[in-house]
Amino acid sequence: MTSALSRPLPEFHGFGYRIAQIENNTHCNYKCWFCPNAYDTPAPKECMNMDLFRKILLEIRSVYTPWEFNDISFATYNEPNLDDTFQEKLQLMTDMGFQYEHISNGSMVTTELTDWLIANPQNIKQFRLNIPTMDEKKWKDITGASTAVLYRMYYQLMYLFENAPRLNFPITVIVNGDGSQNHKEEFMKVYQKFQRCAPGINFSMTGLIDRAGTLEGAHCETQELQRGPIDWGDQPTRCSAGYFDNLYFGVKGNVFYCCHDFHQEYSCGNINDTPLKELLSSEAYQTQKQRFQQDFCRKCEQARPLETVNEQS
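Quick look at the structure, then. Every value quoted in this text rests on a predicted model; they were computed, and no experiment measured them.

### Quick look at the pairing of strand 1 (residues 19-22)
The side chains of a regular strand alternate between the sheet's two faces.
Right, so step 1: The alternating pattern of strand 1 places Ile19 and Gln21 and Ala20 and Ile22 on opposite faces, both of which are buried.
Right, so step 2: In this fold, strand 1 hands off to helix 1 (residues 50-63), which returns the chain to strand 2 (residues 71-73); that crossover is right-handed.
Right, so step 3: Sheet topology note: the strand 1/strand 8 (residues 247-249) ladder contains three bridges and is parallel. Each residue of the ladder has a partner; that of glutamine 21, found in strand 8, is tyrosine 248.

### Considerations on the sheet that holds strand 10 (residues 269-270)
Right, so step 1: In space, the nine strands of this open sheet follow the order 6-5-4-3-2-1-8-9-10, with mixed pairing throughout. Two strands lie at the open edges of the sheet, namely strand 6 (202-206) and strand 10, each paired on one side alone.
Right, so step 2: Inspection of the sheet shows strand 8 paired to strand 9 (residues 254-256) by two bridges, in the antiparallel sense. Its bridge partner lying in strand 9, tyrosine 248 is registered against phenylalanine 256.

### Thoughts on the packing of aromatic side chains
Here the distance between the centres and the angle between the planes together describe a pair of aromatic rings.
Right, so step 1: With the rule as written, the count across this model stands at 19 aromatic pairs.
Right, so step 2: Between tryptophan 33 and phenylalanine 34, the aromatic rings sit 5.6 Å apart at their centres with planes inclined by 85°, giving edge-to-face as the arrangement.
Right, so step 3: Judged by its relative accessible area of 3%, tryptophan 33 falls in the buried class.
Right, so step 4: Taking the centre distance of 6.1 Å and the plane angle of 80° together, the rings of phenylalanine 244 and phenylalanine 292 count as edge-to-face. With phenylalanine 244 in the loop between strand 7 (237-239) and strand 8 and phenylalanine 292 in helix 8 (residues 283-295), this pair connects stretches of sequence that are 48 residues apart.
Right, so step 5: Its guanidinium or amino end placed over the ring of phenylalanine 53, lysine 89 lies 5.9 Å from that ring's centre, counting from NZ or CZ.

### Things to note about helix 1
Right, so step 1: Given a rise of 1.5 Å per residue, 14 residues ought to cover 20 Å, and the 20 Å separating the end C-alpha atoms of helix 1 matches this to within 8%.
Right, so step 2: What helix 1 keeps buried is the set Met50, Leu52, Phe53, Ile56, Leu57, Glu59 and Ile60.
Right, so step 3: Structurally, helix 1 contributes buried residues whose contacts are with strand 1, strand 2, helix 2 (86-96), strand 8 and helix 7 (276-280).

### A word on the side chain of threonine 76
Right, so step 1: Within the element layout of this structure, threonine 76 appears in the loop between strand 2 and helix 2.
Right, so step 2: When near neighbours in sequence (up to four residues on either side) are disregarded, threonine 76 contacts Gln21, Glu23 and Asn25.

### Let's talk about the side chain of threonine 237
Right, so step 1: Within the secondary structure, threonine 237 sits in strand 7.
Right, so step 2: For threonine 237, a relative accessible area of 11% corresponds to the buried category.
Right, so step 3: In this view, threonine 237 contacts Trp232, Gln293, Cys297, Ala303, Arg304, Pro305 and Leu306; residues no more than four positions away in its chain are not counted.

### Re the packing of helix 1 against helix 2
Right, so step 1: Where helix 1 contacts helix 2, the two axes come as close as 11 Å, and the packing angle between them is 25°. Taken together, the axis directions place helix 1 and helix 2 in an arrangement best described as roughly parallel. Of the two possible hands of crossing, helix 1 and helix 2 adopt the one that is right-handed. Each of Met50, Phe53, Arg54, Leu57, Leu58 and Arg61 in helix 1 lies in contact with helix 2, whose residues at this interface are Glu88, Lys89, Leu92, Met93 and Met96.
Right, so step 2: Class assignment of the residues belonging to the contact of helix 1 with helix 2 gives a composition of seven nonpolar, no polar and four charged.

### Brief notes about the nonpolar core
Right, so step 1: Counting residues in hydrophobic clusters, the biggest one holds 90 residues, and the most contacted among them are Ile60, Phe161, Ile171, Phe194 and Phe249.
Right, so step 2: Sort the elements by how many residues they give to this core and helix 5 (residues 147-162) lands first, with seven residues.
Right, so step 3: Residues within four places of isoleucine 60 in sequence aside, it is in contact with Ala20, Phe69, Ile72, Phe98, Leu247, Phe249 and Leu276.

Conventions used here
Residues numbered from 1 in each chain as written. Predicted model: local features only at pLDDT ≥ 70, side-chain atom pairs only at ≥ 80, totals over all residues. Heavy atoms only, no water. Buried < 20%, exposed > 50% of the residue type's maximum accessible area, 1.4 Å probe, protein only. Helix = DSSP H or I, 4+ residues; strand = E, 2+ residues; numbered from the N terminus. Right-handed = clockwise from strand over helix to strand, strands pointing away. Pairing = 2+ DSSP bridges. Phe/Tyr/Trp six-rings, centres within 6.5 Å; stacked < 30°, edge-to-face > 60°. Lys NZ or Arg CZ within 6 Å of the ring centre and 35° of its normal. Expected span 1.5 Å × (residues − 1). Contact = heavy atoms within 4.5 Å. Axes fitted to C-alpha atoms, helices over the stretch in contact; angles between N-to-C directions. Parallel < 35°, antiparallel > 145°, perpendicular 65-115°, else oblique. Left-handed = near helix turned anticlockwise from the far one by under 90°. Nonpolar A, V, L, I, M, F, W, Y, C, P; charged D, E, K, R; others polar. Core = buried A, V, L, I, M, F, W, Y, C linked by side-chain atoms within 4.5 Å.

In short, geometric facts, not functional conclusions.
Written out as C-alpha cells, the structure is:
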C-alpha cells in the first residue's frame, strides 16, 4: 500500500494487547541515529516522583480491570534504569498485580540490578534490550555514546545473560536498523558477541519508522531511514499498530495519545487535575485526539485510511 505521495508502506502490528507507557524519567544517555533525541532538544532531566506514579497506577485500576488493562512500560525516549527509584516503582507494580515490560538500551542494567532481580522476583512479562550494534568502530556513530559505555555494558549484560536461568522472565536482544545489508551485518555481530551466553536468550531484528516525518532524512554512516513524504490528506485514518488503544502518561502526569509524540504536544489533560475516567470521556479528550489525527497521523506510515482498515477487518 502507498500513500498518494510516497513509498511502499510495510504492515505494522502493535503489541497485541493494551499497554500503559509511563514516563518514569526523561533522560537517555544515548543519541541513536534513529531517535529524536539525536536531533531535537531533550527534555530537562527529571524523574517521576513515587506519589504521582502510585496515583497513575491507582487511576488505571479505577477505570480498567486487570483483564482489560494490566501491562506497563517505561519506554518514552528515555533510559528507564536512569531512574533512582526504578526498583521501588517496579516493586510497587508487582505488589499491585501489574505486569511490566522492560525496554532499555541495556547500558544501565548493572550487576547489582541483576542480583536484585534474582533475590526479588518481579512480575516482568518481557525484558527487551535494544542494542543496534556491538561494533567498536561504529558504536559512537550509531548510538552517540562513548565506547566506554559499550565495554561496561558488555560486561554487565554477560552477567545478566549468564544468570538468565535464575530469572523469572524472558530476555530478548533487539537489533534496530533500516533493514539493509548493513543492518543484517550488525545483527550478526551482536548475535556472535553474545552467542556464548546461556540458552534461552532471544535475538531479533526490528525495522524503523520516521515517526510521522519527524525523522525525515535521519541516517548514520551505514544506514538511513526510507525517504519520501507521507500525507494521507483529509481522509479519516486509524492507527494500524493500535496505539490509540494504549495509555500514555508524561513525567508530570499529563495524558497524551501516542508514543511518536516526542514533545507530548497533544496532551489532553493531567490526572493531577482530572480523574482518568473523567478525562478519557471528556470532550477535550476527543477534540484533542481529532486534532492529533489531523495534524500528526496524516503524516504517519503506521496510519491507514479508515475505509481500507474496515475492508480488511
